[in-house]
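# Topology and contacts: notes
The lines below spell out each chain.
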Amino acid sequence: MSDKTGISWSDATWNPIIGCTKVSPGCDHCYPIPLSRIREKNPNPKVAAAFAGVVEQTESGLDWTGRVNLLPERLDQPLRWRKPRRVFVNSLADLFHEAVPDQFIAKVFAVMALAPQHSFQVLSKRHARMRSLLANPEFPHAVARAMDAVQVDLEHDPAELWKPIPGLEGYEASSHGRVRGETGLLATCINPRSGRETVTLWNRGEPKTLTVHRLVLTAHSADDQPGAEVCHRNGDKRDNRLANLRWGTRSENQREKVRHGSRGGPQKLTPAEVEEIRAARRTGLTQQALADRFGISRSLVSLIESGRVWSGPDIPWPLPNVWIGVSCENQQWADIRIPALLETPAAVRWISAEPLLGPIILRDDWLGADPYRRDEPSLNWVVAGGESGPGARPMHPKWVKDLRDQCQQAGVAYHFKQWGEWRPQPRYSTDDRHHLVMLNGMDRGTPWPGWGLDQPEAEVMERVGKKRAGRELDGRTWDEFPQEVAVHG
Ligand code: SF4
């Protein structure tokens, strides 16, 4: 399926998830719903399976079922695109939908971290989950772990290769993490204490229980240094595929565990507790008080404070090439979603006011124009547009012009995507393709003689279709992008 898009603010779409549930009036005419009905009947079985079961006919029309299909086979798509692109993430779903597991979201972020040549445009109406997940100090560790897992999966060769195990005559280990003897494949078991996979071999008439990971690496890699440990790159100790294993020192192994958030220092703490300790120290709480509260030594509090343990997952966070945005169709949802967006860690923050269903006043502090709150996070980009498709609601021209003017004044990039199905029509007409739209969003239907343009808040809009309506506002297009991260080269 093509990844190209006609969306004026994006170069490509990437859909590792299909399916959603409506949450607010902007979802009323959600275009992926009819599209999913068409695609589930696609002759290509892979396409049909991706869209299977996500929509159903209800009494009020076609709607989502609430099922969300995760498509891990699409995760690596952006890694194969060499040319830098602006990539719209999940144009047919909401990444932060409640049915999408945290681990899958971490994988999507891992791919974005592994493809710094692209700028990824994430857009959500689930502002609360987006904020809590991206602000959780454990999440960057999950992303780092997922990055290693994605790389291991890419390097894993589906062709299984067997090699003899040095010093253990008659035995072989495979690149898929299996061991066999002269009589065939050997059964393995999990050591309950270490959680590692073991196998029992016979050597010089004696049974010997050995770890599978060491046998695999010994057979396939001659780099075994005395005292070297086996590192599981993706953090899964039971994943003994050759691509997941490498020799390393104890401190390298320890660093990997810190990166994955599975171990931060000599004592077990969660990343959230470590953040709490650092924040409490900044407020002046004593090291001893914190040591008592968390049941750890005072010297460990000191190490945490200095960053010598729990130093983070060594990935830039927030990811510099990921733009995080929320949809705002009217003032009510702008008031709810924008403050949540501003509390979300992000390199670039943006809103999509499309379909715009009412006027939106952007507060000075949201636009970075409040002189007393200049250091606080603010919006970097505003996209606006009218609705298209069957049942599209007309947009009052003043709404998009006001948004543009607010952005211009504050120096925030503004992008006018489209008029949608309706365009302004200065001439008065009683044709039923013309509707009077009030400034408050009320659609008064077809104008009638003696009532219309004399109403100061009324605008005649004509239904001409998205293509004819175009995307010019006051005689020109508005195609601005957030400057600081124009596509990475
Ligand atoms: S959040 Fe987006 S994909 Fe989901 S129902 Fe609403 S418009 Fe459709």
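Figured I'd write up the structure that's included with this text. Quick caveat: nothing in here was measured; it's all calculated off a predicted structure.

Ranked by size, the top nonpolar core spans 74 residues in total, and within it Trp14, Phe109, Met112, Leu362 and Tyr414 carry the most contacts. Top element by residues in this core is helix α4 (residues 102–114). It accounts for nine residues. Contact partners of Leu362, with chain neighbours within four places excluded, come to Ile338, Ile351, Leu367, Leu379, Val382, Leu403, Gln406 and Cys407. Counting residues in each nonpolar core, the second largest holds 16 residues, with Leu168, Val212, Val230 and Leu245 among its members.

Note on aromatic pairs: each is described by the distance of the centres and the angle between the planes. The tally for this structure, following the rule as stated, stands at eleven aromatic pairs. Ring geometry for Trp9 and Trp350: centres 5.2 Å apart, planes at 65 degrees, overall edge-to-face. Placement of the pair is Trp9 in the segment before β1 (12–14) and Trp350 in strand β18 (residues 348–353), with a sequence separation of 341 residues. In this pair, the class of Trp9 matches that of Trp350, namely buried. Between Trp323 and Trp381, the ring centres sit 5.1 Å apart and the planes meet at 85 degrees, which makes this aromatic pair edge-to-face. With a gap of 58 residues between them, Trp323 in strand β17 (residues 322–327) and Trp381 in strand β19 (residues 381–385) connect regions that are remote in the sequence. The same class applies to Trp323 as to Trp381, namely buried. Above the face of the Trp81 ring, Arg85 is positioned so that its terminal group lies 4.5 Å from the ring centre. The aromatic ring of Trp478 is capped on one face by Arg476, whose charged end is 3.5 Å from the ring centroid.

This next bit is on the environment of Phe120. Looking at the secondary structure, you find Phe120 in strand β7 (residues 119–124). The spatial distance from the C-alpha of Phe120 to the C-alpha of Gly465 is 29 Å, given a sequence separation of 345 residues. What Phe120 contacts, discounting residues up to four positions off in sequence, is Trp14, Pro78, Val87, Val89, Met112, Ala115, Asn321, Val322 and Trp323.

Taken together, the neighbourhood of the ligand is formed by Cys20, Thr21, Lys22, Cys27, Cys30, Trp64, Lys125 and Arg126. Grouping the amino acids of the shell around the ligand by side-chain chemistry returns four nonpolar, one polar and three charged.

For the bond from Trp317 to Pro318, the omega torsion is 0 degrees, close enough to zero to count as cis. Relative to the elements of secondary structure, Pro318 occurs in the loop between α11 (298–306) and β17. Residue Pro355 follows Glu354 across a cis peptide bond; omega there is -5 degrees. Despite not being glycine, Asn90 has its phi angle at roughly 60 degrees, a positive value. One can find Asn90 in the loop between β6 (86–89) and α4. With phi around 55 degrees, Asp474 is a residue other than glycine that occupies positive phi space. Residue position: Asp474 is located in the segment after α14 (466–469).

Moving on, we come to helix α13 (residues 397–410). Each turn of an α-helix holds 3.6 residues, which means side chains three or four residues apart point in the same direction. The end-to-end C-alpha separation of α13 is 20 Å, in line with the 20 Å expected for 14 residues at 1.5 Å each. Residues of α13 that are buried include every one of Pro397, Trp399, Val400, Leu403, Arg404, Gln406 and Cys407, and no others. Looking one or two residues beyond α13, the residue adopting positive phi is Gly411, at roughly 75 degrees.

Our next topic: the pattern of salt bridges. Per the stated rule, a full pass over the model turns up 31 salt bridges. In this structure, Asp94 engages Arg126 in a salt bridge whose closest nitrogen and oxygen atoms are separated by 3.2 Å. Within this pair, whereas Asp94 is found in the loop between β6 and α4, its partner Arg126 is found in the loop between β7 and α5 (127–134), the two being separated by 32 residues in sequence. Across the pair, Arg126 and Asp94 agree in class, each one buried. When the shortest N-O distance is used, the salt bridge between Arg246 and Glu256 registers 2.9 Å.

For the rest of this paragraph, the subject is the side chain of Asn380. By secondary structure assignment, the location of Asn380 is in the loop between β18 and β19. For Asn380, a relative accessible area of 18% puts it in the buried group. Of the polar contacts made by the side chain of Asn380, one reaches the backbone nitrogen of Arg349; its length is 2.7 Å.

Rules used throughout
Residues numbered from 1 in each chain as written. Predicted model: local features only at pLDDT ≥ 70, side-chain atom pairs only at ≥ 80, totals over all residues. Heavy atoms only, no water. Core = buried A, V, L, I, M, F, W, Y, C linked by side-chain atoms within 4.5 Å. Buried < 20%, exposed > 50% of the residue type's maximum accessible area, 1.4 Å probe, protein only. Helix = DSSP H or I, 4+ residues; strand = E, 2+ residues; numbered from the N terminus. Contact = heavy atoms within 4.5 Å. Phe/Tyr/Trp six-rings, centres within 6.5 Å; stacked < 30°, edge-to-face > 60°. Lys NZ or Arg CZ within 6 Å of the ring centre and 35° of its normal. Near = heavy atom within 4 Å. Nonpolar A, V, L, I, M, F, W, Y, C, P; charged D, E, K, R; others polar. Expected span 1.5 Å × (residues − 1). Salt bridge = Lys/Arg side-chain N within 4 Å of Asp/Glu carboxyl O. Polar contact = N/O pair within 3.5 Å; in protein donor to acceptor, adjacent residues only side chain to side chain.

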